[in-house]
Every structure is written in C-alpha cells, then in structure tokens.
Amino acid sequence: MDSPTAQVEALTRVRVMAASGTAKAIRDRARLSQSEMARALGVDTSTICRWERGIDRPIGAPALAWLALLGRLQAICGNGRVPVA
C-alpha cells in the first residue's frame, strides 16, 4: 500500500467482504479450509474464523494480505470452476 488512503480503502474492502460472507464464499469455492488459509497468512485458524463470523474486524498487515489472497483466489475460481493449467 502506497498511501494511507489506499490502505483505508483496502481495509474497507476486506471488511465488507468478511461481513457480507464473500470472503468465506471465495474460500469455500477454492476448497480451502480455515486452517489452510490461516497458514498461508501466518495467523491462527481462530483469526480466520472470527473474521468470517464477524466477531473481529480484520486489521493490519494480515488483513491486507487476506484481501490480496482472496483476490487471487477469486481470479482463479470466481465462477465456481477452477481452470486446468
């Protein structure tokens, strides 16, 4: 993130994705467990669980990394079909 404004926009995006269920839907389409997602981000599984359930708001660098990973996963399997490489 280059600017504070970009960081606020990114945090807003990931928080909306979490609150709306979009983040969980992307993870489910990618057939990843919360544990796998957590390992990829370097956070506890309970963190992903709390974010997806709306118990905690995603914050800081882990939240920004989650947004980036969700974006890549959505690009791979956004329509429900995973392309064969």
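In case you missed it, the structure is sitting above this.
S.K.: Any details on the packing of aromatic side chains? Residues and values, ideally.
M.R.: Tallied over the entire structure, the rule returns one aromatic pair. Ring geometry for Trp 51 and Trp 66: centres 4.8 Å apart, planes at 35°, overall tilted. You can see Trp 51 sitting in helix α4 (residues 45-53) and its partner Trp 66 sitting in helix α5 (residues 60-77), a full 15 residues away along the chain. There is no split in this pair, since Trp 51 and Trp 66 are both buried.

S.K.: Lay out the packing of helix α1 (residues 4-20) against helix α2 (residues 22-29) in plain terms, naming residues and giving numbers.
M.R.: Direction vectors running N to C along α1 and α2 enclose 75°, while the axes themselves pass 4 Å from each other. When the axis of α1 is compared with that of α2, the two are roughly perpendicular. Packed against α1, whose contacting residues are Met 17, Ala 18 and Ser 20, the element α2 presents Thr 22, Ala 23 and Ile 26 at the interface.

S.K.: Describe the side chain of Arg 27, naming the residues involved and giving the relevant values.
M.R.: Topologically, Arg 27 is positioned in helix α2. With a relative accessible area of 6%, Arg 27 lands in the buried category. Beyond its immediate sequence surroundings of up to four residues, Arg 27 is in contact with Leu 32, Ser 33, Gln 34, Met 37 and Glu 52.

S.K.: Any details on α5? Residues and values, ideally.
M.R.: End to end, α5 covers 26 Å across 18 residues, agreeing with the expected 26 Å (1.5 Å per residue, within 8%). For α5, the set of buried residues is Ala 63, Leu 64, Trp 66, Leu 67, Leu 69, Leu 70, Leu 73 and Cys 77.

S.K.: Describe the nonpolar core, and please don't skip the residues or the numbers.
M.R.: Counting 20 residues, the largest nonpolar core has Val 14, Met 17, Met 37, Leu 41, Ile 48, Trp 66 and Leu 70 as its most contacted members. Secondary structure elements with two or more residues in this core: α1, α2, α3 (34-41), α4 and α5. Looking at this core, the element that brings in the most residues is α5, giving seven residues. Setting aside chain neighbours within four positions, we find Leu 70 in contact with Val 14, Met 17, Ala 23, Ile 26 and Met 37.

Rules behind the numbers
Residues numbered from 1 in each chain as written. Predicted model: local features only at pLDDT ≥ 70, side-chain atom pairs only at ≥ 80, totals over all residues. Heavy atoms only, no water. Phe/Tyr/Trp six-rings, centres within 6.5 Å; stacked < 30°, edge-to-face > 60°. Helix = DSSP H or I, 4+ residues; strand = E, 2+ residues; numbered from the N terminus. Buried < 20%, exposed > 50% of the residue type's maximum accessible area, 1.4 Å probe, protein only. Axes fitted to C-alpha atoms, helices over the stretch in contact; angles between N-to-C directions. Parallel < 35°, antiparallel > 145°, perpendicular 65-115°, else oblique. Contact = heavy atoms within 4.5 Å. Expected span 1.5 Å × (residues − 1). Core = buried A, V, L, I, M, F, W, Y, C linked by side-chain atoms within 4.5 Å.

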